[in-house]
Amino acid sequence: MPRKLRSTSSGDKPSVVRKHDDPTSTSQEAGESTSSPGGAPSSRSYSSEPGPSTSRQTDAARLRRGCQTRSFLDLLDESDFSESDDDWLPEAVMSSGRLIGVEEAITSSDSDSEEDLQEISVSSTAGEPRRLFYLRNKSFVDHAPQNATENLGACNLLKPIEYFLSYVSEDFLGDIAMYTNMKSIETTGACINTNSKEIATFIGMTFAMSIIKMPRIRMYWQSKTRIPWIADKMARDRFFRLRHSLKVINDNTVLEDDKKSDRLWKVRPLLEAVRTRCSELPRPSKVSIDESMIPFRGRIGIRQHVPGKPFPDGLKMFVLASPSGMVLDFEIFQTKEALLSIVEKLNVKPDRTLTTGEAAVLRFVRSVDAGTSIFFDRYFTSSNLLCDLYDRGLRGTGTIKKNMVPKEAKQKLKTEATLRKEGRGASDCQVRNDNKVAVTAWYDKKLVLMASNEFSIDDEDICQRWSKATNTHVGVKRPRVVREYNSAMGGVDVHDQIVSYYRSPNRTKKWTVRVVLHLLDVVTANCWLEYRKDMESKPKQYLDFKLILADQLMSGDFFDHATDSQSISDASLSSVDCIDSETEPPPKAAKQGLTPLPNRAERKKGASHLPIVIDGKNSFRRCRREGCKNRTRTLCSQCNVFLCNYAKRNCFFEFHV
């Protein structure tokens with residue numbers, strides 16, 4: 001849901017503020033879950049400062065390398081999907097620091113020429129807490145360090161498949177295939193016989209279906225509506241069987257206590273794999289935190305209903321994103337207790353009661369650098385949270401509900417009726433005497449309340465707003481805190497908008513499949529944003545990027561390249577082990593009559609066809625070697641067939657030799 005306050009572009013009409021997003025409402029946030037938050041005041045003292053960001057350097061030689069594509073991609077370049085087609089987002093949306101219908105932030109320093117007001121002496125006696133006063137229009141002091149720079153890394157990937165494999169590696173695809181085979185044997189008694197290449201084909205077909213949409217998945221194989229690009233890759237029944245049996249973890253390796261404490265244990269490996277890659281992305285100086293939904297209306301205990309969202313029912317995610325829409329970290333909400341336990345494990349929980357929104361923000365403080373400006377909406381904002389961020393050297397800005405405004409500031413702020421009489425653009429500000437919190441009231445069409453430990457009313461500018469009375473744009477004064485919030489808040493909404501254009505087919509009763517497909521869509525959007533950032537000029541649109549990625553996954557050519565690379569790596573490793581004696585201790589001299597152990601490279605060279613003993617009920621299957629009618633429970637890890645592996649009957653050896 002959009003979190004922007006208003007549209008400030010000179011040529012745009014004012015944006016619509018939804019009912020649930022009205023900053024002036026005194027009720028609870030519409031997107032809040034069923035658990036009721038509570039809080040207690042707290043105060044700390046610490047200062048730290050952020051600084052100018054450095055521009056990211058790109059390697060021109062790397063960008064000049066070409067990407068060879070097959071005939072399908074050549075036809076794609078000649079098709080109607082040209083660079084001029086603007087069917088996903090306006091070009092201005094993805095520029096740094098800009099949102100839909102919102103002008104670019106104007107960076108300016110805090111004004112030092114504020115009107116001096118009479119000082120109020122603050123005295124405290126022993127044993128009594130210090131009283132906090134709010135001073136009207138006091139110049140707000142910026143505490144963040146000025147020598148911090150952006151952590152910008154270099155990306156060496158160019159092909160869409162390479163971006164994708166940085167999130168979901170080839171080894172992880174192989175694990176999915178192995179776990180899917182094992183689960184199918186335990187449940188149905190028959191092995192599904194899939195492999196990593198077929199899993200990649202399945203993912204590519206899902207991406208292709210998200211672009212070429214049809215009311216039902218079966219229509220891709222029907223005679224009148226058949227799509228050869230998709231239907232020729234895999235049979236219909238095979239596709240549905242893989243989709244139903246998809247597993248990313250071995251259930252037998254998860255403890256019962258972990259299953260009870262973690263309700264997302266069935267998809268935990270994929271969550272951690274995607275989060276690990278997201279944690280390696282460069283951190284900008286401004287980030288935003290917001291809610292995002294995984295659409296799902298089936299049965300699951302952690303399903304949430306958030307009114308006002310495009311998909312109000314599903315699993316709720318707290319997402320940390322950059323202004324361009326790139327996901328930097330995320331957490332799927334289970335319960336408030338589970339979220340608080342994560343905050344405690346990160347050692348960032350203050351000594352007070354936390355609301356769900358406050359705990360969600362503190363969950364991401366370890367994912368950003370010191371001095372980062374964090375923006376969030378009124379569901380998260382409180383004065384205690386801003387103090388906690390201030391103590392950790394972080395900046396925080398957000399809209400705030402009336403009932404969350406500190407009592408001392410509420411008594412001194414001008415009322416909504418007073419600001420309405422002063423006219424559109426009137427504002428008032430109260431700054432706490434320790435400079436940790438500034439509360440700003442701004443009247444546009446309605447009263448807007450902002451709280452921040454970084455910005456206040458200083459450095460007002462004039463923005464163009466639409467007037468219904470005159471049917472023209474008029475100039476309206478705007479505080480700096482509103483301008484900065486509009487320029488940086490909304491990265492999560494931009495990411496959700498990108499994902500929504502080509503969302504993977506989600507008609508399923510299995511929540512695990514829905515979460516896996518949504519995470520793959522998130523990965524694809526992040527891959528395109530990385531690619532767009534690495535390209536100097538004329539990057540491909542999201543549609544073209546996902547088409548190429550789908551075709552590369554379905555073709556599976558990258559697996560052949562990986563096999564060649566593996567053989568080269570084995571040879572290189574063998575030579576290193578023979579030469580370098582420091583990396584691995586020399587093998588001990590074998591006793592008389594014993595064969596010496598080979599080195600590490602020799603032991604692992606060509607380790608693909610390995611026997612796996614299936615342990616479980618009804619695990620014995622007929623041997624697949626020609627002429628053998630016996631039963632066994634030994635499975636080949638590469639061929640996915642059962643073969644006898646006994647002293648008197650070694651079909652496993654004879655089958656492969």
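Below is a summary of the structure that appears in this document. (Residues numbered from 1 in each chain as written. Predicted model: local features only at pLDDT ≥ 70, side-chain atom pairs only at ≥ 80, totals over all residues. Heavy atoms only, no water.)

## With respect to the environment of L246
To keep it simple, the criterion reads: By definition, any uninterrupted DSSP run of H or I lasting at least four residues is a helix, any uninterrupted run of E lasting at least two residues is a strand, and each is numbered from the N terminus. In this scheme, a residue with accessible area under 20% of its type's maximum is buried, one over 50% is exposed, and one in between is partly exposed, where area comes from a 1.4 Å probe on protein chains only. We call two residues in contact whenever any of their non-hydrogen atoms come within 4.5 Å of each other.
Relative to the assigned elements, L246 resides in the loop between α7 (236–245) and α8 (256–261). With a relative accessible area of 13%, L246 lands in the buried category. Separated by 267 residues in sequence, L246 and V513 have C-alpha atoms that sit 7.2 Å apart. With residues up to four places along the chain from it excluded, the contact list for L246 reads I176, T180, I199, F202 and V516.

## Points about the pattern of salt bridges
Defined as follows: What counts as a salt bridge is simple: a side-chain nitrogen of Lys or Arg found within 4 Å of a carboxyl oxygen of Asp or Glu.
Counted under the stated rule, the structure contains 34 salt bridges. Salt-bridge contacts for R432 lead to D434; the nearest nitrogen and oxygen are separated by 2.8 Å. The two residues R432 and D434 agree in class, both being buried. Taken together, the shared-partner salt bridges in this structure form one network comprising D262, R268, E272, R275, D329, E331 and R363.

## With respect to the pairing of strand β6 (residues 373–376)
Put simply, the rule is: For two strands to be treated as a pair, DSSP must find at least two bridges joining them. For the handedness criterion, the strands are oriented away from the viewer, and a crossover whose path from the first strand over the helix to the second runs clockwise is classed as right-handed.
The two faces of β6 match: S373 and F375 on one face and I374 and F376 on the other face are all buried. Of the strand pairs in this sheet, strand β2 (residues 286–295) and β6 are connected by three bridges, and their pairing is parallel. Bridge pairing in β6 links S288 to F375. Regarding topology, helix α12 (residues 383–391) serves as the crossover connection from β6 to the parallel strand β7 (residues 395–399), and that connection is right-handed.

## Comments concerning unusual backbone geometry
Of note, the phi angle at N193 is positive, near 55 degrees, even though the residue is not glycine. As for its placement among the helices and strands, N193 is situated in the loop between α4 (170–188) and α5 (196–211). The residue N640 is not glycine, and still its phi comes out positive at about 60 degrees. Locating N640 in the fold gives a position in the loop between β16 (634–636) and α21 (651–656). On the basis of relative accessibility, which here comes to 8%, the residue N640 falls in the buried class.

## Quick word on the nonpolar core
This is how it is decided: Only buried residues count toward a nonpolar core, which is a set of Ala, Val, Leu, Ile, Met, Phe, Trp, Tyr and Cys residues joined through side-chain atoms within 4.5 Å.
Grouped together as the largest cluster of nonpolar side chains are 118 residues, with contacts concentrated most on F164, I203, L315 and L553. Core analysis: the second largest hydrophobic core is formed by 12 residues, V448, C463, Y485 and A488 among them.

## Things to note about the pairing of strand β5 (residues 327–332)
On a regular strand, each side chain points to the face opposite its neighbour's, so the side chains alternate between the two faces of the sheet. Among the six residues in β5, six count as buried, and that is most of the element. Joining the antiparallel neighbours strand β4 (residues 313–321) and β5 is a turn of five residues, in which G325 adopts a positive phi near 105 degrees.

## Regarding the packing of helix α17 (residues 511–534) against helix α18 (residues 542–555)
Under the convention used in this document: Geometry is summarised by axes, namely lines fitted to C-alpha atoms with helices restricted to the contacting stretch, and by angles between N-to-C directions that run from 0 to 180 degrees. For any pair of crossing helices, the crossing counts as left-handed if the nearer helix is rotated counterclockwise from the farther one by less than a right angle, and right-handed if it is rotated clockwise. The classification used treats Ala, Val, Leu, Ile, Met, Phe, Trp, Tyr, Cys and Pro as nonpolar, Asp, Glu, Lys and Arg as charged, and all other residues, Gly among them, as polar.
Where α17 meets α18, the axes come as close as 10 Å, and the angle between the chain directions of the two elements is 115 degrees. Once α17 is placed against α18, the crossing between them reads as right-handed. Only Y542, F545, K546 and L549 of α18 make contact with α17, whose side of the interface consists of D521, T524, A525, C527, W528 and Y531. Looking at side-chain class alone, the contact of α17 with α18 contains seven nonpolar, one polar and two charged residues.

## Observations concerning the environment of L346
Counting through the fold element by element, L346 comes out in the loop between α10 (336–345) and α11 (356–363). Judged by its relative accessible area of 27%, L346 is partly exposed. C-alpha of L346 to C-alpha of R363: the two residues are 17 residues apart in sequence and 7.6 Å apart in space. Residues in contact with L346, not counting those within four places in the same chain, are R363 and R366.

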